[in-house]
Amino acid sequence: MKQVYLTGITTSGTPHLGNYAGAIRPAIEASANPDTEHFYFLADLHALIKGFAAEDVRRSRIEVAATWMALGLDTDKAYFYCQSDIPEIPGVAWLLSCQAAKGLLNRAHAYKAVVQENEDSGSNDPDKGITMGLFSYPVLMAADILMFKANKVPVGKDQIQHIEMARDMAQRFNHHYGEHFVLPEAQVDTSTAVLAGLDGRKMSKSYNNTIALFLPEKQFRKQIMKIKTNSLEPGEPKDPQGNTLFEIYQAFASEAQVEDVRQKYADGIAWGEMKQYLFEHLNEVLKEPRENYAELIAKPAVIGEVLHAGAIKARKLSQPFAAELFDAVGIKPMWQ
Ligand code: TRP
């Protein structure tokens, strides 16, 4: 049996350089391995949790899908689909809800963080603004994972807890109804780059410091020029360690190129010059995918076809498995 790798991408916002280096690129590389099976899906039901406007959800779904395709994901080999196209997922999420202890979900970081904010702000309602969607976020995520019998779930550190919760729900279900679920494991790749953003903090949409992956050339250059630097003058030697420009460059360059730039830092390259250098390099690297992306965005029907094929392929697995799970809990259509 091939090992199954599965990960979801929440469709909120526009993919940025950090997403590419930290998640998309390693995922696409891994999916070329013929000995493993890969599931990559748009977590659009998860995107509803934060209450984004419908228009934003709509746009982000297209942008995220186009990004993965433009960067070369082999959508014939990998399973590439929208979560919302697999109606068995919310169905199985309900089965898992009936196993998940409320006390377990009380401990979820995302939920606890909002409760903490409410308490800090002196509100007398700790659950202020918390929907059942947010509270049961880990259950839906567990259904995503368990539905396709994933062994490994590549995620960021912040998601480890969710994978552990998925294991817990799977174990309880298996205990009550027999061994149906495979227990998943988080896979946190510490070797992949975590890029800093415009302000030097981790590049993240929650900090509003991202550089979008596929901006038109001019706007892209403008963003690069905005990256924060220190006050060292041209000619003064600069430390590449922990420098945002250097780290972004490093995430997209060969070792020899990186050595070259290290020397430029030692020789005191001016920040303006380094920004231009970085821009030219990234512009070259992203040129072809950017063209692919523009073509796809202009023809969303092409994206739709790929996702449709992905959903059909994925449902060949999810439909019989969901029927098995429902049968296991005593629910089978009475006409069958
Ligand atoms: N919660 C994940 C995130 O925000 C996205 C996600 C949804 C996911 N379902 C998943 C990741 C299943 C891995 C497996 O990053």
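Preceding block: the structure.
Values in this document were obtained by computation on a predicted structure and should not be read as measured data. Sequence positions are assigned chain by chain, starting from 1 and proceeding in written order. At least 70 in pLDDT is required for a residue's local features to be given in this predicted model, at least 80 for side-chain atom pairs to be given and counted, and no such filter applies to totals for whole chains, interfaces and linings, which use all residues. Side-chain figures throughout are based on the complete set of non-hydrogen atoms in the structure, without hydrogens or water.

Peer 1: Tell me about the pattern of salt bridges, residues and numbers included.
Peer 2: Salt bridges are defined by distance alone: a side-chain nitrogen of Lys or Arg within 4 Å of a carboxyl oxygen of Asp or Glu. Considering all chains together, one arrives at eight salt bridges under this definition. Residues R58 and E55 are paired through a salt bridge, measuring 2.8 Å at the closest nitrogen-oxygen approach. Within this pair, R58 and its partner E55 are both found in helix 3 (residues 54–70), separated by three residues, close to a single helical turn. Note on classification: 1.4 Å probe, protein chains only; a residue is buried when its accessible area is under 20% of the maximum for its type, exposed when over 50%, partly exposed between these limits. On the accessibility criterion, E55 (45% relative accessible area) is partly exposed. The salt bridge partner of K152 is E185, with a shortest N-O separation of 3.3 Å. Taken as a pair, K152 in strand 4 (residues 152–154) and E185 in strand 5 (residues 185–187) lie far apart in primary sequence, 33 residues in all. For helices the rule is a DSSP run of H or I covering at least 4 residues; for strands it is a run of E covering at least 2, with both sets numbered from the N terminus onward.

Peer 1: Run through the environment of P320, naming residues and quoting values.
Peer 2: With respect to the helices and strands, the residue P320 is situated in helix 14 (residues 300–328). Separated by 240 residues in sequence, P320 and F80 place their C-alpha atoms 19 Å apart.

Peer 1: Tell me about the pairing of strand 3 (residues 79–82), and name the residues and values.
Peer 2: Judged by which residues are buried, strand 3 turns out to be covered on both faces: Y79 and Y81 on one side and F80 and C82 on the other are all buried. Pairing of strand 2 (residues 36–43) with strand 3 involves four bridges; the strand directions are parallel. Bridge assignment links Y40 to a residue of strand 3, and that residue is F80. Two strands pair if DSSP finds at least two bridges between them.

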